[in-house]
Amino acid sequence: MLGLWGFPPYGGAGLAPAPCGAVPRRSRSCPRPGPLGPLLSGNPCLLLRPRVFRGKRVFREKAEAFPGAEEKEREEALRLAQVFFTNEAFAPFWEGPVAKEVPVALEVAGVRLEGRADRVGADWVLDYKTDQEVDLEAYYLQVMAYAWALRKPKAYVADLRKDEVILAVENPEGEALLRYNNGVGVGAGDGDGGSGRGAGAPEARLEEPDGMGSELYAHSPNAEGRWHLLRHHLEATSLRAEGFTQAFGAPALGRALALFHDLGKAREEFQAYLRAAAQGRRAQGSPHALWGAALACAFLGRCQVPGWEALVLPVLGHHAGLADRGEAQQKLAAALREKQALQGIKDVLQAWGMTGVLAQSLSKAVEEVVARGQGDNGTRLEFLVRMAFSALVDADYLDTEAHFQPQAARRRGQAPTLEEMWRRLQEDQARLLAQARDSLVNRVRREVYEACLEAAELPPGLFRLTVPTGGGKTRSVLAFALKHALRHGLRRVVVAIPYTSIIDQTAQEYRKILGEEAVLEHHSAYEVPVGEEQSEEAIRWRLATENWDFPLVVTTTVQLFESIFANTPAKVRKLHRLARSVILLDEVQALPPELLQPTLEALRLLATPVEEGGYGATVVLSTATQPAFEAIPSFSGLPVREMVPNYPQHFAQLRRVRYTFRREPLSWEALAEEVRSKPQVMVVLNARKDALALLEALGDDPHAFHLSALLCPAHRREVLAEVRRRLRSGEPVRLVSTQVVEAGVDLDFPEVWRAVGPLDRVVQAAGRCNREGQQPSGGQVVLFEPQEGRSPSGPYQEGMGLARLLLNREDPERLHDPGLYREYFQLLFQGVNTDAHRIQDLRREMSFPKVAERYRLIRDDTVPVVVPYEGAKEALEAFLTAPSLEAFRTLQPYLVNLYRREAHRSPFAEEVANSCPPAPLSPPHTKSCSQIPSSPTTSLRTGQKA
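For every chain, the first residue of the written sequence is number 1, and numbering continues from 1 along that sequence. Where totals are concerned, whole chains, interfaces and linings use all residues; where local detail is concerned, this predicted model gives features only for residues with pLDDT of at least 70, and gives and counts side-chain atom pairs only at 80 or more. With hydrogens and water stripped out, all remaining heavy atoms of the structure feed into the side-chain values.

Quick notes on the overall build of the protein chain
Reasoning step 1: Each helix and strand in the protein chain was counted, giving 34 helices and 24 strands.
Reasoning step 2: Residue burial is assigned from relative accessible area. The probe radius is 1.4 Å, only protein chains are included, and a residue is buried under 20% of its type maximum, exposed over 50%, and partly exposed in between. By the burial criterion, 61% of the 946 residues in the protein chain qualify as buried.
Reasoning step 3: Put simply, 76% of the contacts in the protein chain that link residues at least 6 apart link residues at least 24 apart.
Reasoning step 4: Residue-level accessible areas treat just the shown protein chains as cover; the underlying method is Shrake-Rupley with a 1.4 Å probe. Total accessible area on the protein chain stands at roughly 36300 Å², and carbon and sulfur atoms take up 50% of it. Under the scheme used here, helices are H or I runs from DSSP no shorter than 4 residues and strands are E runs no shorter than 2 residues, and both carry numbers assigned from the N terminus. Throughout, a contact is declared for two residues whenever any of their heavy atoms are within 4.5 Å.

Dropping the structure here:
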């Protein structure tokens, strides 16, 4: 494959017939083979197309004569080479006995073909392609000849720009090679780049299936009129899935699932349905997932093999979602009685010669499942089912995307590598240190940063990062993650944050350091209808779901954990990306106590080494107020390493505020009077309605601002920018906020008032006071009781009561002691059922739908709602007109999450009209596809209706 080494990609196949009268002299090591006989040589054989053969020499001469002339090409070649050896899509071709750059010569009907196979394995040949547009049809002749000459049953084309591998040939025959070469004579190589296709070669658009001997299809024609061959889809998906599951030590599991997942499409009923859909005719849907699952079940002795769930349930649910094990068994039993339907698929497999391949794949997969699914009373196997399901769904969606949306597929993988991000961070850190003034706060931040770099050398596993607010945690933990990932070969960094307000800030800070294109920000998701609908519109909506294929992801804890415990394809698709990743849990104390048992067990398993049946990730628990997780059974006794061992000293050094507790309850009017007397102050309340009540009491104060989750991210950014500007310039600013401002938002007020709440929330609010240590006498933090205040129910209310008890018992200045928070959390966990919803029992029963229903970080159901702010209308119309992942990312800054009951009651919001494809669905809400109502919006100053 020449293009990998940096010269311009040429137009056609690398293996080509020699032009008449222009056959180059053969090297002595390349004797002429007999008819259709293979020829291997220890030395390179000449490529017969002179233009291609001269490429290496010309490239070398240019590079020597003009050292900088080809720098761009060399960089591109290195980048693409790195893609091959770092992307899990190509993982099956990395290891084992592999020969490289194998010269091949073949003579077919008097036409001599010579070339070089990039990689040759035990039963396959692989050829790299770096063309801007890879036309698979143009390479069929080349790889077919390679496979035939080397007597390999399979030949693949690797498109390095799209991160995909395509099965081009399986079990090639000399007769088929002659048929394909029909019309390509000795005079065909006329310098046009030669695709190897003459007048008699197959057209790109294939014929419709008319029987078992014809081709069967997985998907209808794409925009170019090309059908998606079922065999190609199964094999390409299996390669992707194999690479994904290899990350956690189960490559055969991913391959087997993918080979079975769409076998139900081989049934004539489904093929007829596809033909009708391609012709625009309405046709009754034909389910296919059940038949692939039933066939796998049959291969496994009617699902009697231990761990069968991991080999069957993902196939059954790859469109509809993971089913309850008992319900799945009933469906499978009914399908197994349909012997004629199953026999039809078996006949196809027999004709393809795949029966033995499937049996062998399943056999290896069973060994992996048995080895990895043991222990934890069944929850370990249940988690393996989830991870395998995720890998299958993502592999399936990516191959389908390559068929229907090749441009979108090519745009994947454009983010900077972890190596490049680490280099940029080092440069930015050097600039920061050169500019930073010498202060106590900056000295502590430097110590924290250096301690994190030292910890990065430790083996992957569980870590704890305890840093006082304002101690530089955001930057330091990023440095740890990048260095740790590079040191130990981890694949990506996932930062999970409890509040969307912090996501905006954290993602923006990382973009400033690493570049705009470096960060994937993911905090909202729309609901995709489940089912096996195969229309192009339905497929486009499915493909628009997020899969975290970025080196650096900033997301919410809701997205992270509800994906882990979800059962629908769209939500679970990204889960497998957590294997061998660095997972940073910021403000970990905000995790709901009633969900801690299942949550911590999942984290423990993710951080368990792959060799011990885990997923090889590193998990960092980061906060200023570390909860006592060792009190939770599923987390007790685990080796959690402290990244900054001398953190108590840092807490003592950064005592930048004085605490006061006002026990007498305050009315909203009395509180407003206090606030109006302060030029710069922030008030944090426990509920949105409380914040709005205080704003109402403040009246038309021109210096009052509001922050809550009711503001969309774009609006929040604007409010925060104006608040920071006023703080820097000394202008009056009075911010009324909910808890969204507490954890990690970079604000520095001289005075903060906080309604009594859970103790960890109180100290987080204090972190927004005198953050830089500029107040000579220290900042002032006032804790108070609102006379008419509300509070969220459940554990939040219990934490609030416990905090009130401790505040009445202890001196408020003890809030500087990190030991107080451990005491607080130990008391809190003793009084809370950490598996209040019986999720662990449901997991052992493999009741996936019930687990998804009960594991909710936000108990009330929420829906994303589009806010009529700035460019929201255009972003929504673009998303609804052409649903895609990129379009949804553009829409995200204009979304807020409302409780479903609130959205349905609002006169200004209703579900997207059914005229918007596809219907019905529950994507972001707005008035209609094309109209965003002129509803009251939130003003920049007060957050009240304008």
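A few points about the state of the cysteines
Reasoning step 1: Disulfides are defined as pairs of cysteine sulfur atoms found within 2.5 Å of each other. Scanning all chains against the criterion turns up one disulfide.
Reasoning step 2: Across a sulfur-sulfur distance of 2.1 Å, Cys297 and Cys303 are joined as a disulfide pair.
Reasoning step 3: For Cys297, a relative accessible area of 2% corresponds to the buried category.

Observations concerning the pairing of strand E5 (residues 124-129)
Residues in a regular strand project their side chains so that they alternate between the two faces of the sheet.
Reasoning step 1: With six of its six residues buried, E5 lies for the most part within the structure.
Reasoning step 2: Residue alternation in E5 divides its side chains into two sets, Trp124, Leu126 and Tyr128 and Val125, Asp127 and Lys129, and both sets are buried.

What to know about the nonpolar core
Reasoning step 1: Buried Ala, Val, Leu, Ile, Met, Phe, Trp, Tyr and Cys residues that are joined via side-chain atoms within 4.5 Å together make up what is termed a nonpolar core. Judged by nonpolar contacts, the single largest core of 149 residues is most densely connected at Val312, Ile564, Leu585 and Leu747.
Reasoning step 2: Considering each element in turn, this core owes the most residues, 13 residues, to helix H13 (residues 379-404).
Reasoning step 3: In contact with Val312, other than residues within four places in its own chain, are Ala293, Ala296, Cys297, Leu300, Cys303 and Leu332.
Reasoning step 4: Val441, Leu490, Val519 and Val644 belong to the second largest nonpolar core, which has 42 residues in total.

Section: the environment of Arg655
Reasoning step 1: Inspection of the secondary structure puts Arg655 in the loop between helix H23 (647-653) and strand E17 (657-666).
Reasoning step 2: Measuring from C-alpha to C-alpha, the distance between Arg655 and Glu813 comes to 9.7 Å, with 158 residues separating the pair along the chain.
Reasoning step 3: Setting aside chain neighbours within four positions, we find Arg655 in contact with Glu813 and His816.

Topic: the pattern of salt bridges
Reasoning step 1: The term salt bridge refers to a pairing of a side-chain nitrogen on Lys or Arg with a carboxyl oxygen on Asp or Glu at a separation within 4 Å. On inspection of all chains with the given rule, the structure shows 46 salt bridges.
Reasoning step 2: Where Arg443 meets Asp438, a salt bridge forms, and the shortest distance between an N and an O atom there is 2.9 Å.
Reasoning step 3: We classify Asp438 as exposed; its relative accessible area is 62%.
Reasoning step 4: Where Glu674 meets Arg662, a salt bridge forms, and the shortest distance between an N and an O atom there is 3.0 Å. Of the two residues, Glu674 is situated in helix H24 (residues 668-676) and Arg662 in strand E17; the sequence distance between them amounts to 12 residues.
Reasoning step 5: Through salt bridges with shared partners, a single ionic network connects Glu382, Arg386, Glu601, Arg604 and Arg843.

Section: the sheet that holds strand E14 (residues 582-586)
Reasoning step 1: DSSP bridges decide pairing: two strands pair if at least two such bridges lie between them. One open sheet accounts for seven strands, arranged E12-E13-E11-E14-E15-E10-E16; its pairing is parallel. The open sheet has two edge strands, strand E12 (520-522) and strand E16 (640-642), and neither has a second partner. Within this sheet the neighbouring strands show an average axis-to-axis angle of 20°, counted without direction. Here an angle of 0 to 180 degrees is reported between the N-to-C directions of two axes, which are lines fitted to C-alpha atoms, with helices fitted over the stretch in contact.

Quick look at helix H9 (residues 308-316)
Reasoning step 1: A large share of H9 lies buried, amounting to nine of its nine residues.
Reasoning step 2: For H9, the full list of buried residues reads Trp308, Glu309, Ala310, Leu311, Val312, Leu313, Pro314, Val315 and Leu316.
Reasoning step 3: Packed against the buried residues of H9 are helix H6 (251-261), helix H8 (289-299), helix H10 (325-336), helix H12 (355-372), H13 and helix H31 (848-854).

Remarks on the side chain of Arg843
Reasoning step 1: Among the structural elements, Arg843 can be located in helix H30 (residues 839-844).
Reasoning step 2: When its relative accessible area of 1% is taken as the criterion, Arg843 is described as buried.
Reasoning step 3: Under the rule applied, a polar contact is a pair of N or O atoms within 3.5 Å (in protein, one hydrogen donor and one hydrogen acceptor; residues adjacent in sequence only if both atoms are side-chain atoms). Within the structure, the side chain of Arg843 is placed 3.0 Å from the side chain of Gln840, a separation counted as a polar contact.

Focus on the packing of aromatic side chains
Reasoning step 1: Centres within 6.5 Å are what make two rings of Phe, Tyr or Trp a pair, Trp counting through its six-membered ring; a difference in plane orientation under 30 degrees is then read as stacked, over 60 as edge-to-face, and the rest as tilted. Taken as a whole and judged by the stated rule, the model has 15 aromatic pairs.
Reasoning step 2: For the ring pair Phe93 and Tyr156, a centre distance of 5.2 Å and an interplane angle of 65° mean the geometry is edge-to-face. With Phe93 in the loop between helix H2 (71-86) and strand E3 (99-108) and Tyr156 in strand E6 (residues 154-159), this pair connects stretches of sequence that are 63 residues apart.
Reasoning step 3: A relative accessible area of 2% places Phe93 in the buried class.

Overview of the sheet that holds strand E18 (residues 680-684)
Reasoning step 1: The strand order E17-E22-E21-E18-E20-E19 describes an open sheet built from six strands, whose pairing is parallel. The open sheet has two free edges, formed respectively by E17 and strand E19 (704-707), since each of these has just one partner strand. For this sheet, the mean inter-axis angle between neighbouring strands, taken without regard to orientation, is 20°.
Reasoning step 2: In terms of strand pairing, E18 meets strand E20 (residues 733-737) through five bridges, oriented parallel.

Comments concerning the environment of Val781
Reasoning step 1: Its location among the elements puts Val781 in strand E22 (residues 779-786).
Reasoning step 2: Val781 sits in the buried class, given a relative accessible area of 0%.
Reasoning step 3: Separated by 98 residues in the primary sequence, Val781 and Val683 place their C-alpha atoms 9.9 Å from one another.
Reasoning step 4: Apart from residues no more than four positions distant in its own chain, Val781 is found in contact with Val657, Arg658, Tyr659, Thr660, Val752, Ala766 and Cys769.

Side note on the confidence of the model for the protein chain
Reasoning step 1: The predicted model of the protein chain has a mean per-residue pLDDT of 77, with 75% of residues at 70 or higher.
Reasoning step 2: The predictor's confidence in any single residue is recorded as pLDDT, a number from 0 to 100. Element-level pLDDT for the protein chain is lowest in strand E2 (residues 39-40), with a mean of 26, against a maximum mean of 97 in H9.
Reasoning step 3: Counting contacts from residues 1-69, a segment whose pLDDT is below 50, to residues more than four positions away or on other chains yields 150 contacts.
Reasoning step 4: The low-confidence segment residues 178-213, where pLDDT is below 50, has 69 contacts with residues more than four positions distant or belonging to other chains.

Quick word on the packing of helix H5 (residues 230-246) against H13
Reasoning step 1: Axis separation between H5 and H13 bottoms out at 8 Å; the angle between their running directions is 135°. One finds that H5 runs oblique with respect to H13. Between H5 and H13 lies a crossing of right-handed hand. Residues His233, Ala236, Thr237, Arg240, Ala241, Phe244 and Thr245 of H5 form the contact with H13, whose participating residues are Ala391, Asp394, Ala395, Asp396, Leu398, Asp399, Thr400 and Ala402.
Reasoning step 2: Three classes are used: nonpolar for Ala, Val, Leu, Ile, Met, Phe, Trp, Tyr, Cys and Pro, charged for Asp, Glu, Lys and Arg, and polar for all others, with Gly counted as polar. Each residue belonging to the contact of H5 with H13 can be placed in one class, and the counts come to seven nonpolar, four polar and four charged. Should an angle lie under 35 degrees it is considered roughly parallel, over 145 roughly antiparallel, and from 65 to 115 roughly perpendicular; all remaining angles are considered oblique. Should the near helix be turned counterclockwise from the far one by less than a right angle, the crossing is left-handed, whereas a clockwise turn marks it as right-handed.

Some remarks on the packing of H9 against H10
Two packed helices can be described by the angle between their axes and the distance between those axes.
Reasoning step 1: The geometry of H9 relative to H10 is characterised by a closest axis approach of 11 Å and an angle of 75° between their N-to-C directions. The angle between H9 and H10 falls in the class roughly perpendicular. Seen from H9, the contacting residues are Trp308, Glu309, Val312, Leu313 and Leu316; seen from H10, they are Arg325, Ala328, Gln329 and Leu332.
Reasoning step 2: Residues of the contact of H9 with H10, tallied by class, amount to six nonpolar, one polar and two charged.

Remarks on a positive patch on the surface
Reasoning step 1: A cluster of basic side chains, namely Arg302, Arg337, Lys339 and Lys346, defines a positive patch on the protein surface.
Reasoning step 2: Locating Arg302 in the fold gives a position in the loop between H8 and H9.
Reasoning step 3: Arg302 sits in the partly exposed class, given a relative accessible area of 45%. The patches described consist of residues with a relative accessible area above 30% and no salt bridge, like charges being joined within 9 Å and nonpolar side chains (Val, Leu, Ile, Met, Phe, Trp, Tyr) within 5 Å. Positive charges come from Lys and Arg, negative ones from Asp and Glu, while His and the chain ends are left out of the count. A charge is said to be at NZ when it belongs to Lys, at CZ for Arg, at CG for Asp and at CD for Glu.

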